[in-house]
Amino acid sequence: MELLKRFVQGDVEAFETLFRRFQGEVYGWIVRIVRDPATAEDLTLETFWRIYRARTQFDPNAPFGAWARRIAINVALDHLRHRRWEQELPDQIPAETGSSDAVLRQEWRRQIADAFRRLPVKLRVAATLSLIEEEPYQEIAEALGKPEATIRVRVFRAIRILRKQLSRMGVKP
Amino acid sequence: MKEHDQDEIQSLLKEAFPRMDAKLRRDLWPAMSRKLEAKEPPVPWYDWALIAASGAILALFPSFVLLFAYHF
């Protein structure tokens, strides 16, 4: 409690203590959303910079971790809204050699990756955390500051869009 | 939507986008500290101008030191 009060008053040592305690958690959420370690480090710094600037708005009786996580997710979402994933995708999909089934499945992966990056950011983030990172709905809901039902709907909508787009491409999983 | 479809789409997604290693590999505080220092707001020009003017007044009219002392 004393630490949080000192932080709100602008004590840099208190901020350093909080930074060291929460940097791993903040980075973890960001990297799972933006999917690039170097970018995630930059955005972790940006998150804590925003936290430091907004310190007077923080209630020292509230949990710091939840507040930091909310800011981190907003920073990551802002980043995704302003940047495309295209540059990162080709390296992430390993080349397949061998049977025709394997080659076909590689083509499906490519198609789904292409469709996935065209999803609206809100749906993409919910789907990333739920389907790829396998975070529980409740945790995603808390992190995004939305009801659990909203997250379930976003994931469902993401899957429905992906299914339609894949069908249109002639892929029928 | 069939559950099978959802499982298959999830499976393809996980193959296309492997799970991220969410562990931070280095301490970011040194970088944060540099960022804080770099973004410290500079002393505005009018503060420097006020200090210079105060110094000039004191140099020209030493008796004004009492007036300054009263206000501080």
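Every value quoted in this text rests on a predicted model; they were computed, and no experiment measured them.

### Concerning helix α7 (residues 121-132) of chain A
In terms of residue burial, α7(A) counts as a mostly covered element, since 11 of its 12 residues are buried. Backbone geometry just after α7(A) places A:Glu134 at a positive phi near 55°.

### Considering the nonpolar core
Grouped together as the largest cluster of nonpolar side chains are 69 residues, with contacts concentrated most on A:Phe7, A:Phe15, A:Phe64, B:Leu13 and B:Met32. A per-element tally of this core places helix α2 (residues 12-34) of chain A first, with 12 residues. In contact with B:Leu13, not counting residues within four places along its chain, are A:Ile112, A:Phe116, A:Leu131, A:Ile132 and A:Leu162.

### Quick notes on the interface of chain B and chain A
Taken together, the contacts link 29 residues of chain B with 43 residues of chain A. Summing the contributions of chain B and of chain A, the shared interface buries around 3,700 Å²; its carbon and sulfur component is 69%. For the pair chain B and chain A, the interface holds seven salt bridges. The residue B:Asp27 makes a salt bridge to A:Arg20 at a minimum N-O spacing of 2.2 Å. Across the contact surface, chain B and chain A share 11 residue pairs in polar contact (both at pLDDT 80 or more). Element by element, the count of residues in the side of chain B that touches chain A is highest for helix α1 (residues 3-16) of chain B, at 11 residues. Here the residues of the side of chain B that touches chain A sort into 15 nonpolar, three polar and 11 charged.

### Side note on the packing of helix α4 (residues 64-82) of chain A against α7(A)
The description of two packed helices rests on the angle between their axes and on the distance between the axes. Residues and elements named next belong to chain A. Interaxial distance between α4 and α7 falls to 10 Å at its minimum, and their mutual angle equals 125°. With respect to each other, α4 and α7 are oriented oblique. Between α4 and α7 lies a crossing of right-handed hand. For the pair α4 and α7, contact is made by Leu77, Leu80 and Arg81 and by Val121, Lys122, Arg124 and Val125, respectively. For the contact of α4 with α7, the per-class residue count stands at four nonpolar, no polar and three charged.

### Let's talk about the packing of aromatic side chains
Each aromatic ring pair is specified by the distance between its two centres and by the angle formed by the two planes. Scanning the entire structure with this criterion turns up 17 aromatic pairs over all chains. Judged by centre distance (5.2 Å) and plane angle (45°), the ring pair of A:Phe116 and B:Phe17 falls under tilted. Of this pair, A:Phe116 sits in helix α6 (residues 100-117) while B:Phe17 is found in the loop between α1 and α2 (29-38), placing the two residues in two different chains. Here the two residues A:Phe116 and B:Phe17 agree in accessibility, since each one is buried. Geometry around A:Trp29 places A:Arg32 over its ring, the cationic atom sitting 4.8 Å from the centre.

### A closer look at the confidence of the model for chain A
Confidence along chain A averages 88 in pLDDT terms, with 88% of residues attaining 70 or more. The low-confidence segment residues 86-91 of chain A (pLDDT under 50) makes eight contacts with residues lying over four places distant or belonging to another chain.

### Examining a nonpolar patch on the surface
A cluster of nonpolar residues, B:Ile57, B:Leu58, B:Leu60, B:Phe61, B:Phe64, B:Val65, B:Leu66 and B:Leu67, forms a patch on the protein surface that exposes about 750 Å² of accessible area. Here B:Leu60 shows up in helix α3 (residues 45-60).

### Quick notes on the pattern of salt bridges
All names here are of chain A. Applying the stated criterion across every chain yields a total of 19 salt bridges over all chains. For the salt bridge of Arg152 with Glu148, the shortest nitrogen-to-oxygen distance reads 3.2 Å. Residue Arg152 and its partner Glu148 are located together in helix α9 (residues 148-168), separated by four residues, close to a single helical turn. A residue is classified by how much of its surface remains accessible, and Glu148, at 31% relative accessible area, is partly exposed.

### Some thoughts on the packing of helix α3 (residues 37-53) of chain A against α4(A)
Residue and element names in this part refer to chain A. It is at 9 Å that the axes of α3 and α4 come closest, and there the two elements cross at 125°. It follows from the interaxial angle that α3 and α4 lie oblique. Note on packing geometry: the crossing formed by α3 with α4 is right-handed. For the pair α3 and α4, the contacting residues are Thr39, Leu43, Glu46, Thr47, Arg50 and Ile51 in the first and Phe64, Trp67, Ala68, Ile71, Ala72, Val75, Ala76, Asp78 and His79 in the second. Residues belonging to the contact of α3 with α4 are distributed by class as follows: nine nonpolar, three polar and three charged.

Rules of the game
- Residues numbered from 1 in each chain as written.
- Chains lettered and ligands numbered in written order.
- Predicted model: local features only at pLDDT ≥ 70, side-chain atom pairs only at ≥ 80, totals over all residues.
- Heavy atoms only, no water.
- Buried < 20%, exposed > 50% of the residue type's maximum accessible area, 1.4 Å probe, protein only.
- Helix = DSSP H or I, 4+ residues; strand = E, 2+ residues; numbered from the N terminus.
- Core = buried A, V, L, I, M, F, W, Y, C linked by side-chain atoms within 4.5 Å.
- Contact = heavy atoms within 4.5 Å.
- Buried area = accessible area lost by both parts, 1.4 Å probe.
- Salt bridge = Lys/Arg side-chain N within 4 Å of Asp/Glu carboxyl O.
- Polar contact = N/O pair within 3.5 Å; in protein donor to acceptor, adjacent residues only side chain to side chain.
- Nonpolar A, V, L, I, M, F, W, Y, C, P; charged D, E, K, R; others polar.
- Axes fitted to C-alpha atoms, helices over the stretch in contact; angles between N-to-C directions.
- Parallel < 35°, antiparallel > 145°, perpendicular 65-115°, else oblique.
- Left-handed = near helix turned anticlockwise from the far one by under 90°.
- Phe/Tyr/Trp six-rings, centres within 6.5 Å; stacked < 30°, edge-to-face > 60°.
- Lys NZ or Arg CZ within 6 Å of the ring centre and 35° of its normal.
- pLDDT = per-residue confidence, 0-100.
- Patch = residues over 30% accessible without salt bridge, like charges linked within 9 Å, V, L, I, M, F, W, Y side chains within 5 Å.
- Areas by Shrake-Rupley, 256 points an atom, 1.4 Å probe, with all protein chains shown as cover.

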